[in-house]
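Observations on chain architecture
Chain by chain, the residues run as shown.
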Amino acid sequence: MRKLALGLAISLAFTGTLTGALTGCAAVSAPPQPALSPEAQEQAKAHDAAMAEAMAQRRAAIDRNPIYLIMAGELAGQSDQPKQAADFYAQAADETQQTNILARATQIALFAKDFKLAQESATRWLAQDPKSTKAAASLTVSALQQGDQSTADRALSSWLAQPDVDGLEVFNELGGYIEKNVETAKAIQFTDHLASQYPNRFNAQLVVAKLNLKFKRWESAIHAARRAIELSPNDTSGYDVLIVALSQNQNEAAMTKVLADAQARFPKEIRYLGSLIDARIRQGESLQAAQLIETALKRPEKNPEFWRTLALQSLQINRPALAKRALRQLGRVPGQADLADLLLGRVEAQSGQFRPAVHSFNRVPVSSPHYAEARILLAAAYAQTGDVTGALESLDIAIEQPIDVADQQRLILAKAGLQQSQNLDQEALHTLDQAVARWPTSADLQLQRALLLFKFNRNADGRAALRDILKADPNNAPAMNALGYTLADENRDLDEARRLIDLAVKQDPDNPAYLDSLGWVQYRQGQLDEAEKSLRHAFDLVPDAEVGAHLGTVLWHQNRRAEAEAVWQRALRLDRHHAVLRDTVEKYAPQLLHSDATQ
């Protein structure tokens, strides 16, 4: 029997209070008492001893009182002392043998991770209530934590034998508990035991497969998932787990075969068909992928994601005709017509079918959230056909539509960009001047205008505009990068330039434009090795003519001239008309401008 001191403390506190009261009374004058005879003294001692024994018995009774023990347990729990709460409840269960107290004692012991105490309480609970699912479950997990496998097996059998119990729910609940609450080595040991204990039970093998996925034991997961499929071949769960396990194990061929089997067995499950198409594409089997897409196009699907994915997969195997068919199907799904027209126009434009693309973009209504993007692409399609005037007019019309400010600004930026691409820099500056006057707090408009000012050699105005942006938004990475690069390019205020660019790179470490700026300021600071690393990283991310110009310059100054010329040759093949690149090559290796290797 557990002995706890709280009842004794209460009793003593009460006694102390009483003693204090009596002590206080003793201060009142009283007539002197005559001395007791020896016989009377012995009687008084016997009386005191009897009183003390009675008090001790009363205190012991309080210690065993279930109501007191339950209250003490709840107070301990509220005081964040789960182990003491578990001990109090275990004593209450000892005193009462009531099922509800045993249940509470078990639950608190499990929460306190006192698995020995939990197993003792759960054993008694299940003995009193053999049909209790919770008792069987609690005994299973507490015995498992104790490493008592035979008890855990008996409890699990009892759990599964309960009326109205779903075996899948039992194993899922057990698996979830094992995954979250049992240390890995013990969990793996019990998972393997489950696999061997229930070799012919689908639910058990499925949970074993899932647990092995959690433990990254791919081969064990594959074995258990295959066994689950053998036991219940018409259940998709086994296929799902097996596909994931084979993917994690990087067994592409086996995964593709399972996907094909699953797609054949469950033809209505679109996830298997989509995944099988992806697998064929990854393996370079374009013909098989196209055949599967043809099959998919005949499905009466209403899921827009299915048709978007199918269009993308068609483009991945260079089948724009299939992509357009998928997008036309997307257009038949309620609420998807505008997106379908936008995507259809993009596919047509990428295929060089600019006039059909124009028609598709024109079908996107003003009320669509895709309207601004459609008009920008429409202008690009006009420009591709040589109709720059039509492109600019289409943007002007769109800008005046009742659309939100963000879309208006996007369209204005597109118009300015189109004007610059046609060497209409003065017109572009006028467009941006008007826009900035209308929306002076727009950082995007101010940034575009600042960059254009540098083309007019208005460097002081450009720097001032960039500083205005940073004054309003000190964390604007594009503005920090633009100002830092400008200072580095002008070879001035290099410490400030480096600070600004470092901050921009910190926000976006793999941004090739920021890495190019970083490499250029490092070059200006004489840090050639660091500059080469930054610029090469940028050039690897996105091969670009200007980055190539900078990387070649650094290599040239490292006396690696053959490497520099090779980089410049590659950059010239990318864009031989780029002004910065041509100026750089003209300075260091002018013969490359006339070389057949750069054509």
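Everything here concerns the structure above.
Residues numbered from 1 in each chain as written. Predicted model: local features only at pLDDT ≥ 70, side-chain atom pairs only at ≥ 80, totals over all residues. Heavy atoms only, no water.

1. Some points on the overall build of the chain
Quick reminder of the rule: Put simply, DSSP H or I for four residues or longer makes a helix, DSSP E for two residues or longer makes a strand, and each gets a number counted from the N terminus. Only protein chains enter the calculation, and the probe is 1.4 Å; a residue is then buried if its accessible area is under 20% of its type maximum, exposed if over 50%, and partly exposed in between. The criterion used for residue contact is that any of the two residues' heavy atoms lie within 4.5 Å. For every accessible area listed, the method is Shrake-Rupley and the probe measures 1.4 Å; residues are considered covered only by the protein chains on display.
What the chain contains, in helices and strands, is 33 helices and zero strands. Here the chain holds 599 residues, and 44% of them are scored as buried. Sequence-distant contacts in the chain: of pairs separated by 6 or more residues, those separated by 24 or more amount to 49%. In the structure as shown, the chain presents an accessible area of about 31200 Å², 52% of it carried by carbon and sulfur atoms.

2. Notes on the pattern of salt bridges
Our working rule: Salt bridges are identified by distance alone: a Lys or Arg side-chain nitrogen within 4 Å of an Asp or Glu carboxyl oxygen.
Tallied over the entire structure, the rule returns 27 salt bridges. In this structure, the salt-bridge partner of Arg536 is Glu532, at a minimum N-O distance of 3.2 Å. One end of the pair is Arg536 and the other is Glu532, both in helix H30 (residues 528-541) and four residues apart, which spans about a single turn. Arg536 gets classed as partly exposed once you look at its relative accessible area, which sits at 29%. For Glu532, a relative accessible area of 13% puts it in the buried group. Residues participating in the shared-partner salt-bridge network are Arg463, Glu490, Arg492 and Asp493.

3. Topic: the nonpolar core
To keep things clear, this is the line we draw: In this text, buried Ala, Val, Leu, Ile, Met, Phe, Trp, Tyr and Cys residues form a nonpolar core when linked through side-chain atoms within 4.5 Å.
Of all hydrophobic cores here, the largest spans 99 residues; its most connected members are Leu156, Leu174, Ile178, Leu194 and Leu310. Residue contributions to this core peak at eight residues, all from helix H11 (residues 202-214). Apart from the residues within four sequence positions on either side, Leu174 is in contact with Thr140, Val141, Leu144, Leu156, Trp159, Phe190 and Leu194. Counting residues in hydrophobic clusters, the runner-up holds 49 residues, among them Leu466, Ala488, Leu500 and Tyr514.

4. Points about the layout of surface pockets
To locate leftover empty space, one rolls a probe as large as a water molecule over the atoms. To keep it simple, the criterion reads: Cavity: a set of points on a 1 Å grid over the protein atoms alone where a 1.4 Å probe fits but cannot get out. Pocket: an open set with protein on both sides within 12 Å along at least five of seven lines, its lining residues, like those of a cavity, having an atom within 4 Å of a point. Grid points are joined across faces, edges and corners, and a volume is the space filled by probe spheres set on the points. Gly counts as polar in this scheme, as do all residues outside two lists: the nonpolar Ala, Val, Leu, Ile, Met, Phe, Trp, Tyr, Cys and Pro, and the charged Asp, Glu, Lys and Arg.
As a volume, the largest pocket reaches approximately 650 Å³. Around the largest pocket, the lining is made up of 25 residues, and of these Tyr485, Glu546, His550, His578 and Val580 lie nearest the centre. For the lining of the largest pocket, the secondary structure elements donating two or more residues are helix H27 (477-489), helix H29 (512-524), helix H31 (545-557) and helix H33 (579-588). The element that contributes the greatest number of residues to the lining of the largest pocket is H29, accounting for seven residues. The class makeup of the residues in the lining of the largest pocket is 10 nonpolar, eight polar and seven charged.

5. Looking at unusual backbone geometry
Glycine aside, residues mostly have negative phi angles, and peptide bonds mostly take the trans form. Here Asn318, not a glycine, exhibits a phi torsion of approximately 60 degrees, which is positive. On the secondary structure map, Asn318 appears in the loop between helix H17 (304-316) and helix H18 (320-331). Positioned with a positive phi, Asn491 is a non-glycine residue whose angle comes to about 60 degrees. Structurally, Asn491 can be placed in the loop between H27 and helix H28 (494-507).

6. Things to note about the packing of aromatic side chains
Going by this rule: For this analysis, a ring pair means two rings from Phe, Tyr or Trp (six-membered ring only for Trp) whose centres lie within 6.5 Å, classed as stacked if their planes differ by under 30 degrees, edge-to-face if by over 60, and tilted for the remaining angles.
Summed over the entire model, instances satisfying the criterion amount to eight aromatic pairs. Taken together, a centroid distance of 6.1 Å and an interplanar angle of 40 degrees make the contact between Phe266 and Tyr272 tilted. This pair shows no difference in class: Phe266 is buried, exactly as Tyr272 is. Between Trp556 and Trp568, the aromatic rings sit 5.6 Å apart at their centres with planes inclined by 35 degrees, giving tilted as the arrangement. Within this pair, whereas Trp556 is found in helix H31, its partner Trp568 is found in helix H32 (residues 561-574), the two being separated by 12 residues in sequence. Among the aromatic residues, those joined into a cluster by ring pairs are Tyr239, Phe266 and Tyr272.

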